[in-house]
Amino acid sequence: MRYRHLSTAALALGVVVLTDVLRVFLPSVITIFGQAATTPAELLGAFALGWFVLALAFPPLVRRLGARPVTLAAAVALGGARLALTAAPGGRAQLWLATAGLLAGLLWLAGTAATIGRPVPGLALGIALGAVGHAVLGTYDLVWRGGPVGWAGSVALVAVFLAAAAGPARPAEPGGARAWLLAGPALLLTGLVALSPAVAATAASYWRGPGGGLSWPPEPGDVATLPAWAVGIFLLAALGRPPRGRWRLTGPLALVAGAVLFATGDPGLLGPAVVLTAAGTGACLALAGSAPTVVAPPAAAGPSSATVPSSAAASPAVGAPAAPSPGRDPRRASRPGLAAVLGMLLFAVAAVGYYAAYDLGYPNAAVPVAMAALVAAVALGGPRGPTSAPPRRWVPGIAAAGGLVVLAATGLPAGVPVPSRPGTPPAVVRVVAYNIRMGYGLDGRFDPDGLARVVARERPDVVVLGEVDRGWLLNGGHDTLALLAARLRMPYVFAPAADPLWGDAVLSRFPVAAARSERLAPAGAPTGAQALGVTVDVGGGVRLAVVATHLQPPPGREPVAQARAVAGFALRYAAGLPLVVAGDLNTEPGAPGYAEFTRVGLVDALAAARPLPTSPADEPREQIDHVLVSAGVRPAGPVAPRSTASDHLPVAVTLALP
């Protein structure tokens, strides 16, 4: 078996570029096409899936026009779209550029699959490089950054990819359809859990949480260790020789076990899920990419026989013209391209199906488990006899990848400093509440710097955040909370609502004395909701109880039951301490849901500025973001500063504590 390093490098770099485009396309469907949740989820899914279905026409196109010209043209289009996305101002232009880049990437993948019969090294290295780069950049990718650094990195990546893609043509290699079919599912499983640095960092933060599913800022070593182990284990499993006999089952079993742990939604099991899924995905790729060795017939010149890989025997020497096999069916030769596109369609169906559950309300735990089982079945359906694997010259490549892992570990965001307790309590406390829409502005661009500037202008002491995303693949895999906390230099407490990666948070420049979270009944809204109580020590023996929530009523209905539950939880949690309840309550002053808070004695801290609409951010009409306080807390200076860094406006108020 001969690995053509240039082809492998081109495939790996192309996977990185395609992953960048996917990290823009998927959230753009939600934030731009979806128009702030006003578009039905079914229509969103149809729009996203339609482009992957359209790509099923690409393998016949490659067969008709030839793999080489199609692959080169698609590579240029993919690289151009990737650069254009960095320059895009957002909005519809971003959506259609990302869509064009996706189609170009799928066409490039179909053309590449027609010529590379052993794709696993390129696929594995590409997936790992994408994860390492994502980690080095703190999950804030170059495609969103712009500026000199962002442009320099983007241009360098695209230039190296195009240079590798335009290298000397290689003879077409037969086979590989099984491995190409797993390209899309491997991207899904690694982006969903196995190699997501945001997921790994969130899992590490739960290790130091005070309990009840809460996470505090982890130590930098915790954040770095788990992603490094995950990427290293994945590469070793994918590029090593697959085990034989009954040991072939270990990788597929590890993959299914990791997916099951992830599907439980238990924050404490997120770390083991990352490691097991990384090892299992890599091992399944290795099994699917292995080829049986065949024993050559004895040569006439000697009695001995040699064991040679079938792909080496079937492939001409490097640089020699490809001789077509007699009677070879062209349609059979195009099967790898069709397998690659089908694999990406599986990626899209599983991703849309998994995350649409949070809008439509059906159970989604079976989606990652089913995808893992499919990958395991495809991997185990490969050859059972002696197999060929990467030769020893790939060991230096694995070592180099390990060096990149170390680089990723050192490049992850550092822990947020823990504030010191003030000697005397301040006269007032400034509170900001903000629904941040996973870090995406009205223009559909991911901009944690813009969010941080909006919050920092209010000079807050306590910040309550809603719609906090800590690694959803659909939203680009960002740890929005860690990015904001680092920019504001404020530690956080996070409580999950929908799953361990999506919920609400409280940031405080004062030390956190206690925290507790309580899940709320769904009340017909599938996304999920919770109430997070955090006690902050403002000094001098004075403590403040802060309750963060984001109520989720069904469309057109009031969140009466959830509001009643939050009000009761808040009073019990505060136990006589000064109390603040803040967040997106999805109810307006005077409405039945809002009345549940005033009924227990809470006071509208924003009353002096009413009416104070906060949604939508560009033309605010609804007063649904609130700060309520207990008797004795005196509010002053309530504002809702104008900004389009989210689809909501933040609300800020100064509180004098009793």
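Student: When you look at the overall build of the protein chain in this model, what are you seeing that I'm missing?
Tutor: Of the regular secondary structure elements, the protein chain holds 23 helices and 15 strands. Long-range contacts, defined as pairs at least 24 residues apart, comprise 78% of the intrachain contacts of the protein chain with a sequence gap of at least 6.

Student: Explanation requested: the pattern of salt bridges in the structure shown.
Tutor: Side chains that differ in sign of charge can pair as their charged atoms come close. One pass over the structure, following the stated rule, counts 12 salt bridges. The partner of aspartate 449 in a salt bridge is arginine 487, with the nearest N and O atoms 2.5 Å apart. Placement of aspartate 449 in helix α20 (residues 448-456) and of arginine 487 in helix α21 (residues 480-488) is noted, with a sequence separation of 38 residues between them. Classification of arginine 487 as partly exposed rests on a relative accessible area of 31%. Taking the shortest distance from any N to any O, the salt bridge between glutamate 596 and arginine 599 comes out at 3.0 Å. Of the two residues, glutamate 596 and arginine 599 are both situated in helix α23 (residues 592-599); the distance of 3 residues between them amounts to about one turn of the helix. Since its relative accessible area comes to 10%, glutamate 596 is described here as buried. You can call arginine 599 exposed: its relative accessible area is 55%. Several salt bridges converge on common partners, so that one network encompasses Asp20, Arg23, Arg82 and Asp141.

Student: Quick question: what am I supposed to make of the packing of helix α1 (residues 5-33) against helix α4 (residues 67-87) here?
Tutor: One can describe the packing of α1 onto α4 by two numbers: an axis separation of 10 Å at closest approach and a directional angle of 45 degrees. Judged on the interaxial angle alone, α4 and α1 are oblique. Handedness of the crossing formed by α1 with α4: left-handed. Together, Gly14, Val17, Leu18, Asp20, Val21 and Val24 of α1 and Leu78, Arg82 and Leu85 of α4 make up the contact between the two elements. Grouping the amino acids of the contact of α1 with α4 by side-chain chemistry returns 6 nonpolar, 1 polar and 2 charged.

Student: What is the right way to look at the pairing of strand β4 (residues 429-435) in this model?
Tutor: With 7 of its 7 residues buried, β4 lies for the most part within the structure. In β4, alternate side chains face the same way, and those of Val429, Val431, Ala433 and Asn435 on one face and Arg430, Val432 and Tyr434 on the other are all buried. As paired elements, β4 and strand β15 (residues 651-656) share 5 bridges and run antiparallel to each other. The residue bridging valine 432 from the neighbouring strand is alanine 652, located in β15.

Student: Got a minute to help me understand the nonpolar core in this structure?
Tutor: For soluble globular proteins, the rule of thumb is that nonpolar side chains tend to be buried together. Within the largest apolar cluster, 138 residues are counted, with the highest numbers of intra-cluster contacts made by Phe52 and Leu507. Aside from chain neighbours lying at most four places away, what touches leucine 507 is Asp461, Val462, Val463, Leu465, Leu481, Ala485, Leu488, Met490, Pro491 and Tyr492. Counting residues in each nonpolar core, the second largest holds 34 residues, with Ala495, Val536, Leu544 and Ala640 among its members.

Student: Whenever I open this one, the confidence of the model for the protein chain confuses me. Can you help?
Tutor: The predicted structure's coordinates, where accompanied by low pLDDT, should not be read in detail. Confidence along the protein chain averages 86 in pLDDT terms, with 83% of residues attaining 70 or more. Taken as a whole, residues 293-328 scores under 50 in pLDDT and shows 41 contacts with residues more than four places along the chain or in a different chain.

Student: Help me out: how do you make sense of the packing of aromatic side chains in this one?
Tutor: Each aromatic ring pair is characterised by the separation of its centres together with the angle its planes make. Counted under the stated rule, the structure contains 17 aromatic pairs. Both rings, one in tryptophan 108 and one in phenylalanine 161, keep their centres 5.7 Å apart while their planes meet at 80 degrees; by these two values the pair is edge-to-face. Residue tryptophan 108 is located in helix α5 (residues 91-113), and its partner phenylalanine 161 is located in helix α8 (residues 147-165); the two are separated by 53 residues in the primary sequence. Look at tyrosine 440 and phenylalanine 446: their rings are 5.3 Å apart centre to centre, the planes differ by 55 degrees, and that puts the pair in the tilted class. The residues tyrosine 440 and phenylalanine 446 share a single accessibility class, namely buried. Connected via pairs of aromatic rings, a cluster forms that spans Phe262, Tyr354, Tyr355, Tyr358, Trp472 and Trp502. Geometry around phenylalanine 494 places arginine 470 over its ring, the cationic atom sitting 5.2 Å from the centre.

What counts, and where the lines are drawn
- Residues numbered from 1 in each chain as written.
- Predicted model: local features only at pLDDT ≥ 70, side-chain atom pairs only at ≥ 80, totals over all residues.
- Heavy atoms only, no water.
- Helix = DSSP H or I, 4+ residues; strand = E, 2+ residues; numbered from the N terminus.
- Contact = heavy atoms within 4.5 Å.
- Salt bridge = Lys/Arg side-chain N within 4 Å of Asp/Glu carboxyl O.
- Buried < 20%, exposed > 50% of the residue type's maximum accessible area, 1.4 Å probe, protein only.
- Axes fitted to C-alpha atoms, helices over the stretch in contact; angles between N-to-C directions.
- Parallel < 35°, antiparallel > 145°, perpendicular 65-115°, else oblique.
- Left-handed = near helix turned anticlockwise from the far one by under 90°.
- Nonpolar A, V, L, I, M, F, W, Y, C, P; charged D, E, K, R; others polar.
- Pairing = 2+ DSSP bridges.
- Core = buried A, V, L, I, M, F, W, Y, C linked by side-chain atoms within 4.5 Å.
- pLDDT = per-residue confidence, 0-100.
- Phe/Tyr/Trp six-rings, centres within 6.5 Å; stacked < 30°, edge-to-face > 60°.
- Lys NZ or Arg CZ within 6 Å of the ring centre and 35° of its normal.

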